[in-house]
Protein chains: 2
Amino acid sequence: MMWRFKHLSIMIIDIKLGETMKKTKPNHKKEATHERIVLAASKAIRRNGYDGVSVADIMKEAGLTHGGFYAHFPSREAMLVEAASKAGTDVLAVLADSVSSVPPQESLTKLLETYLSPSHINSCETGCVIGALGSETSRQSDDIRHVITQRVKEMVDLVARQTDDWGKPEAHERALSIVATMIGTLTIARAVDDPKLADAIVKASLKSLLENK
Amino acid sequence: MMWRFKHLSIMIIDIKLGETMKKTKPNHKKEATHERIVLAASKAIRRNGYDGVSVADIMKEAGLTHGGFYAHFPSREAMLVEAASKAGTDVLAVLADSVSSVPPQESLTKLLETYLSPSHINSCETGCVIGALGSETSRQSDDIRHVITQRVKEMVDLVARQTDDWGKPEAHERALSIVATMIGTLTIARAVDDPKLADAIVKASLKSLLENK
DNA sequence: TAAAAAATATTACGATTATCATATTTTATA
DNA sequence: TATAAAATATGATAATCGTAATATTTTTTA
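Just so it is clear, the model here is predicted, and its values are computed rather than measured.

S.K.: Would you mind going over the protein's contact with DNA strand C with me for this structure?
M.R.: Residues in close proximity to DNA strand C total 19 residues, the closest being Tyr70 and Arg76 of chain A together with Lys30, Thr33 and Thr65 of chain B. The sugar and phosphate moieties of DNA strand C supply 67% of its atoms located within 4 Å of the protein. Contact between DNA strand C and valine 55 of chain A: a phosphate oxygen at 2.9 Å from a main-chain N or O atom of the residue. Within the side chain of histidine 72 of chain B, one N or O atom sits 2.8 Å away from a phosphate oxygen of DNA strand C. Of the residues that constitute the surface near DNA strand C, the class distribution is 5 nonpolar, 11 polar and 3 charged.

S.K.: Help me understand the pattern of salt bridges in this model?
M.R.: Note that side chains of opposite charge can pair when their charged atoms are close. Following the criterion strictly, the structure yields 16 salt bridges over all chains and no others. In this structure, aspartate 90 of chain A engages lysine 86 of chain A in a salt bridge whose closest nitrogen and oxygen atoms are separated by 3.1 Å. Placement of the pair is aspartate 90 of chain A and lysine 86 of chain A together in helix H4 (residues 76-100), with a separation of 4 residues, close to one helical turn. Judged by relative accessible area, lysine 86 of chain A falls into the partly exposed class, the value being 28%. Salt-bridge contacts for arginine 47 of chain B lead to glutamate 61 of chain B; the nearest nitrogen and oxygen are separated by 2.9 Å. Placement of the pair is arginine 47 of chain B in helix H2 (residues 28-48) and glutamate 61 of chain B in helix H3 (residues 55-61), with a sequence separation of 14 residues. Its relative accessible area of 39% is what places glutamate 61 of chain B among the partly exposed residues.

S.K.: Whenever I open this one, the packing of aromatic side chains confuses me. Can you help?
M.R.: We describe a pair of aromatic rings using the distance from one ring centre to the other and the angle between the two ring planes. Considering all chains together, one arrives at 4 aromatic pairs over all chains under this definition. Relative to tyrosine 70 of chain B, the ring of phenylalanine 69 of chain B has its centre 4.9 Å away and its plane inclined at 80°; by these criteria the two rings are edge-to-face. On the numbers, 5.2 Å between centres and 25° between planes, the contact of phenylalanine 69 of chain B with phenylalanine 73 of chain B is stacked. Classification of phenylalanine 69 of chain B as buried rests on a relative accessible area of 0%. Accessibility expressed as a relative area gives 2% for phenylalanine 73 of chain B, which makes it buried. Through pairs of rings, three or more aromatic residues link up here, namely Phe69, Tyr70 and Phe73 of chain A.

S.K.: Teacher, can you tell me more about the environment of glutamine 150 of chain A here?
M.R.: Mapped onto the fold, glutamine 150 of chain A is located in helix H8 (residues 142-161). Along the backbone, glutamine 150 of chain A and serine 85 of chain A are 65 residues apart, and their C-alpha atoms lie at a distance of 8.7 Å.

S.K.: Is there a simple way to explain the interface of chain B and chain A in this structure?
M.R.: Note: interface size is frequently given as the accessible area lost on complex formation between the parts. Facing 43 residues of chain B, the contacting portion of chain A comprises 43 residues. For the pairing of chain B and chain A, the buried interface totals around 3600 Å² over both sides, and the portion due to carbon and sulfur atoms is 60%. Across the contact surface, chain B and chain A share 6 salt bridges. A salt bridge links glutamate 136 of chain A to arginine 139 of chain B; the nearest nitrogen and oxygen atoms lie 2.8 Å apart. The interface formed by chain B and chain A contains 22 residue pairs in polar contact (both at pLDDT 80 or more).

Cut-off values and rules
As a convention, each chain's residues are numbered from 1 in the sequence order in which they are written. Naming scheme: in the order in which they are written, chains are lettered from A and ligands are numbered from 1. Where totals are concerned, whole chains, interfaces and linings use all residues; where local detail is concerned, this predicted model gives features only for residues with pLDDT of at least 70, and gives and counts side-chain atom pairs only at 80 or more. Side-chain metrics rest on all non-hydrogen atoms present in the structure, leaving aside hydrogens and water. One heavy atom within 4 Å of a molecule or strand is enough for the residue carrying it to be called near that molecule or strand. Two N or O atoms count as a polar contact when they lie within 3.5 Å, although within protein this holds only if one can serve as hydrogen donor and the other as acceptor, and sequence-adjacent residues are included solely when both atoms are side-chain atoms. Note that Gly is not counted as nonpolar here; it falls among the polar residues with everything else outside the nonpolar set of Ala, Val, Leu, Ile, Met, Phe, Trp, Tyr, Cys and Pro and the charged set of Asp, Glu, Lys and Arg. Should a side-chain nitrogen of Lys or Arg be within 4 Å of a carboxyl oxygen of Asp or Glu, the pair is scored as a salt bridge. Each helix is a run of DSSP H or I of at least 4 residues and each strand a run of E of at least 2, with the numbering of both proceeding from the N terminus. Only protein chains enter the area calculation, which uses a 1.4 Å probe; residues under 20% of their type maximum are buried, those over 50% are exposed, and those in between are partly exposed. Any two rings among Phe, Tyr and Trp, with Trp reduced to its six-membered ring, count as a pair given centres within 6.5 Å; such a pair is stacked if its planes are under 30 degrees apart, edge-to-face if over 60, and tilted if neither. Contact criterion: two residues are considered in contact whenever any of their non-hydrogen atoms come within 4.5 Å of each other. A 1.4 Å probe defines the accessible area here, and the buried area is the portion of it lost by two parts on being joined, summed over both.

Pasting the structure below:
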């Protein structure tokens, strides 16, 4: 019994080493395809919601047919987790990039104006994943909620770093409420059918956020 | 032109009176059933999303079988509009009621604490419809977006009425950003899987909202 | 209580979807 | 270039869902 377990264990190690080594040379195409699918999915879920896209839709958007999907992911659900995670990462990169182009004392203003710009409000599929999927996330799997939670924390940190008293506990607390206002404003501005109301909410939130330091 | 408008006005009154009178005698049961279905749907969509409930689910929740549905609504979509509208109305009534029980100078605090209470955060299906369905609403039909827009406006008015300078334009502007923060905070608090983070966001938003008058 | 009308239930259809087995094509190795 | 292996495509299955036609039950009227 013992011996058979040991033997099995050695076999598994062999297989794993074999796979790891192979990755350096070939497998190149499969990885690229995998990422293409995740990218397509990260846009699709922000445009249509977690429930609003079929496996076939996403594969078509990635230029593939639906059947090959399960060579890349164990399930639709596993792909959604990767897509949500990537969507969050990409948006944080855009925001971090925008603040890096201005002097430190203007960086919070720049960040808020970028986030609440008409361009961001109107481009759901490449925008903030929490703004696009916020209310749906509470009903998703533990895995999805977990990756979204990570991105929320990263976003709060990014905002805190742009405040005057960065490092103090107040900065973090302040950043939490700023992020809440940013996401709420984006969500409402997209939801309502009255452009004047949408505009008024954006302007009011921007003013309030910039007034209170 | 004038006359035709007056005439039209009278006709509408007539029709309304006729309907109102009929209500007292027959049609009683059907209307009650209709409302029971709408109530079930208003809870179901807040719990599972616009796309997360089938006609059969809702009918079962209302104690009926799915086939009779089309005797009450021309389509699933038409029912969603009624459900979203009712959900918004009901929540506004709860909030208006909560502020009516305290003296005017405490009413904004009371409203915010009610909205951001653990009890509201944990009871999605009876809570704020925009908090529950905010990000999904931008992808819904014009009719749904329109009723949600009405409710947003009503909520902004309700908040504005609790501020010190109610009546001045600043009050309305201030109310817009308060509502954005309220909804963003609720959305994030429900989405994340880390109770400490959820709690920290709620506390930070409450503090910020109450500090700035 | 019998007939008419209204409300609800049963059953079915066509469309969509996640998943998977198998076939074909493309790429890598010898 | 021929063969092995990897990547992708084709086609099928079972489940779910909105809708609707028809049947049954309940309520109202005479």
